[in-house]
Amino acid sequence: MPYAPLLREKFSSLSPEVDERGIKVAPEVMIPLVAFATEYEHQESIVRSVAEEVLVSHGLQIPYSVGTMIELPRAALTANEIAVRAEFFSFGTNDLTQSTAASRATTPTAFCRATSSAG
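Residues numbered from 1 in each chain as written. Predicted model: local features only at pLDDT ≥ 70, side-chain atom pairs only at ≥ 80, totals over all residues. Heavy atoms only, no water.

**Structural notes on helix α3 (residues 37-57)**
Keep this limit in mind: Secondary structure counts use DSSP, requiring at least four H or I residues in a row for a helix and at least two E residues in a row for a strand, with both numbered from the N terminus. Given the number of residues in a helix, its expected span is that number minus one, multiplied by 1.5 Å. When accessible area is computed with a 1.4 Å probe and restricted to protein chains, residues below 20% of their type maximum are described as buried, those above 50% as exposed, and intermediate ones as partly exposed.
When the terminal C-alpha atoms of α3 are compared, their 30 Å separation across 21 residues agrees well with the 30 Å that a helix rising 1.5 Å per residue should span. Turning to α3, its buried residues are A37, Y40, Q43, E44, I46, V47, V50, A51, V54 and L55. Positive backbone phi, approximately 65 degrees, marks G59, located one or two places after α3.

Pasting the structure below:
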């Protein structure tokens, strides 16, 4: 569970003081680099398990949502399957463009050079 310690810290930051002071929060946890619904479901179960553990231990009832960024070409093709469980999407257009064109922003490919010079 590589994300569990990070998730624990993030949900622990939602202290009872926030609740007592009437500050309304609704965290959104975005799972990165998902390509298939099964990957999303696996990571979502970790997020929900850790979130419930922390919120119960702090006596908090805070709504949160879990979603993903569509940043891989495969995720764009399987988004309808991921959407069955994801509560929100964010589209990583820069990441999606770079991974589709097999390039990095700092190293333009021949394709990028040819298309930019063509106008």
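What follows continues from the structure just given.
**A closer look at the packing of helix α1 (residues 4-12) against α3**
So the rule is basically this: Think of each axis as a best-fit line through the C-alpha atoms, taken over the contacting stretch in the case of a helix, with angles from 0 to 180 degrees between the N-to-C directions. Each angle is binned into one of four classes, with values under 35 degrees roughly parallel, values over 145 roughly antiparallel, values of 65 to 115 roughly perpendicular, and all other values oblique. Note on convention: the crossing is left-handed when the near helix lies turned anticlockwise from the far helix by less than a right angle, right-handed when the turn is clockwise. Two residues qualify as a contact provided that any one of their heavy atoms is within 4.5 Å of a heavy atom in the partner residue. Residue polarity follows a fixed list, in which Ala, Val, Leu, Ile, Met, Phe, Trp, Tyr, Cys and Pro are nonpolar, Asp, Glu, Lys and Arg are charged, and the others, Gly among them, are polar.
The N-to-C vectors of α1 and α3 enclose an angle of 40 degrees; their axes lie 9 Å apart at closest approach. Viewed along their axes, α1 and α3 adopt a mutual orientation that is oblique. At the point where α1 passes α3, the crossing takes the right-handed sense. Two secondary-structure elements touch here, α1 through A4, L7, R8, F11 and S12 and α3 through I46, V47, V50, A51, E53, V54 and L55. Grouping the constituent residues of the contact of α1 with α3 by class yields nine nonpolar, one polar and two charged.

These results come straight from atomic positions and should not be treated as a statement about function.
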